[in-house]
Amino acid sequence: MRFDVYTSLLLSLLLSFVAPVIVGRVAPALAARVLTSAAVVTAAATTWSLVLLVAALLGDAPPVVREAREDGHRLVDPVPEVIGVAAGVALAVVVWRVHRAVHAERCTRRALRRLCAGQPADTELIVAASDVPQAFAIPGRPGRILVTSAMLSALEPGERRVLLAHERAHLAHRHGPLVTAATLAAAANPLLAPVRSAVVFLVERWADEQAAAAVGDRRATARALARAALTAGRARSACALNFTDRAVTRRIAALQASPPPHLWSAAAAVLTLGMLPALLAADATGDLLGLLSGVLT
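Residues numbered from 1 in each chain as written. Predicted model: local features only at pLDDT ≥ 70, side-chain atom pairs only at ≥ 80, totals over all residues. Heavy atoms only, no water.

- In the annotation of an unreviewed UniProt entry, the entry for the protein chain reads Peptidase M48, and the organism field reads Streptomyces cellostaticus.

Considerations on a positive patch on the surface
Then comes step 1: Among the surface-exposed residues, Arg 106, Arg 110, Arg 113 and Arg 114 lie close enough to one another that they form a single positively charged patch.
Then comes step 2: Within the secondary structure layout, Arg 114 lies in helix α4 (residues 81-116). (Patch = residues over 30% accessible without salt bridge, like charges linked within 9 Å, V, L, I, M, F, W, Y side chains within 5 Å. Areas by Shrake-Rupley, 256 points an atom, 1.4 Å probe, with all protein chains shown as cover. Salt bridge = Lys/Arg side-chain N within 4 Å of Asp/Glu carboxyl O. Lys, Arg positive; Asp, Glu negative; His and termini not counted. Charge placed at Lys NZ, Arg CZ, Asp CG, Glu CD. Helix = DSSP H or I, 4+ residues; strand = E, 2+ residues; numbered from the N terminus.)

Quick notes on the pattern of salt bridges
Then comes step 1: One pass over the full model with this rule turns up seven salt bridges.
Then comes step 2: Its salt-bridge partner being Glu 204, residue Arg 251 comes within 3.6 Å of it at the nearest N-O pair. Taken as a pair, Arg 251 in helix α10 (residues 245-255) and Glu 204 in helix α8 (residues 193-215) lie far apart in primary sequence, 47 residues in all.
Then comes step 3: Residue Arg 251 is classed as buried on the basis of its relative accessible area, which comes to 1%.
Then comes step 4: On the accessibility criterion, Glu 204 (8% relative accessible area) is buried.
Then comes step 5: Between Glu 209 and Arg 218 there is a salt bridge, with the nearest N and O atoms lying 2.6 Å from each other.
Then comes step 6: Owing to a relative accessible area of 13%, Glu 209 belongs among the buried residues under this scheme.
Then comes step 7: Linked through salt bridges whose partners overlap, the residues forming this network are Glu 204, Asp 208 and Arg 251. (Buried < 20%, exposed > 50% of the residue type's maximum accessible area, 1.4 Å probe, protein only.)

Notes on the sheet that holds strand β3 (residues 144-148)
Then comes step 1: In spatial order, the strands read β1-β3-β2; together these three strands make up an open sheet with mixed pairing. The sheet is open, and its two edges are formed by β1 (125-128) and β2 (135-138), each paired on a single side. Going across the sheet, the axis of each strand differs from the next one's by a mean of 20 degrees, ignoring polarity.
Then comes step 2: Of the pairings in the sheet, the one linking β1 to β3 comprises four bridges and is parallel in character. Among the inter-strand pairings, Ala 128 is bridged to a residue of β3, identified as Thr 148.
Then comes step 3: Against the sheet, α4 makes contact with β1, β2 and β3, and its axis sits at roughly 100 degrees relative to β2, the strand it touches most. (Pairing = 2+ DSSP bridges. Axes fitted to C-alpha atoms, helices over the stretch in contact; angles between N-to-C directions. Contact = heavy atoms within 4.5 Å.)

Some words on the packing of helix α6 (residues 157-172) against α8
Then comes step 1: Two elements in contact, α6 and α8, have axes separated by 8 Å at closest approach and are oriented at 125 degrees. Judged by the inter-axis angle, α6 sits oblique to α8. Note that α6 runs across α8; the crossing there is right-handed. On the side of α6, the interface is formed by Arg 161, Val 162, Ala 165, His 166, Ala 169 and His 170, while α8 contributes Val 203, Glu 204, Ala 207, Asp 208, Gln 210, Ala 211, Ala 214 and Val 215.
Then comes step 2: Taken together, the residues that form the contact of α6 with α8 break down as eight nonpolar, three polar and three charged. (Parallel < 35°, antiparallel > 145°, perpendicular 65-115°, else oblique. Left-handed = near helix turned anticlockwise from the far one by under 90°. Nonpolar A, V, L, I, M, F, W, Y, C, P; charged D, E, K, R; others polar.)

Thoughts on the pairing of β2
Then comes step 1: In this structure, β2 lies alongside β3, joined through four bridges in antiparallel fashion. Paired with Ala 135 across the two strands is Val 147, which belongs to β3.

Comments concerning the packing of aromatic side chains
Then comes step 1: Under the defined criterion, the tally for this structure stands at zero aromatic pairs.
Then comes step 2: The ring of Phe 201 carries the charged tip of Arg 250 above its face, separated from the ring centre by 4.2 Å. (Phe/Tyr/Trp six-rings, centres within 6.5 Å; stacked < 30°, edge-to-face > 60°. Lys NZ or Arg CZ within 6 Å of the ring centre and 35° of its normal.)

Examining the environment of Leu 155
Then comes step 1: Inspection of the secondary structure puts Leu 155 in the loop between α5 (149-154) and α6.
Then comes step 2: The spatial distance from the C-alpha of Leu 155 to the C-alpha of Thr 231 is 9.0 Å, given a sequence separation of 76 residues.

Spelled out as structure tokens, the structure:
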């Protein structure tokens, strides 16, 4: 049981190591979906592993172990007390972190809904009068795109097409829920923070590729992204199109090259890596249930 539980944590580290590696090697749409799925399953498995450790400490395992020893069986405690206590503390931290992440997500959604208040139901584009150059998609039914006047005035007509195509891609492919799922997974398992960062980058790359396909010009898309980043940098604000200094360089470079291939074998390997913690957690659950039911050999 202990081997299964602890190995799940080690696999979380391995998934975090693999995530940045496949970012530039697998098509962003496929990579984002696979990494998010693997992260969610891994986070659920590691959280369940903590539950098992606490259950072994608080349940009937110690009496069963004592009875086995009295009967002449050589049997050690399934979980040392110090490990069980540490797992209980970690589980409490996980609950707190997930609650905080859910609260932050709800606050963000309420703020976005307020931005859309008073707009006609069929309005897709909302232009906000602001000197801060920003543009972002607002998920919902219907989804909206909010762009500030400063951003629109900084872009040429063709670059505005790129911006709107980018934000429409976020809405059409439901990138918001993907990022939320990865964020909650990282909240439950902090070892998965690099996976969450990779997913955030990948959905932006995904939207870049969709925008390039919509306008039919990868170089024009790269120029639009660069201009948006420079405009946001001059204003010293949060970058439009979810830019950071490091991310913008990588995204522009990717648009100046050919689209990455759909490496299904690599995607399948990552997905398998994400499933292994679940299988180990299931095996550990069976071991614990067998012990608690008094099935001793």
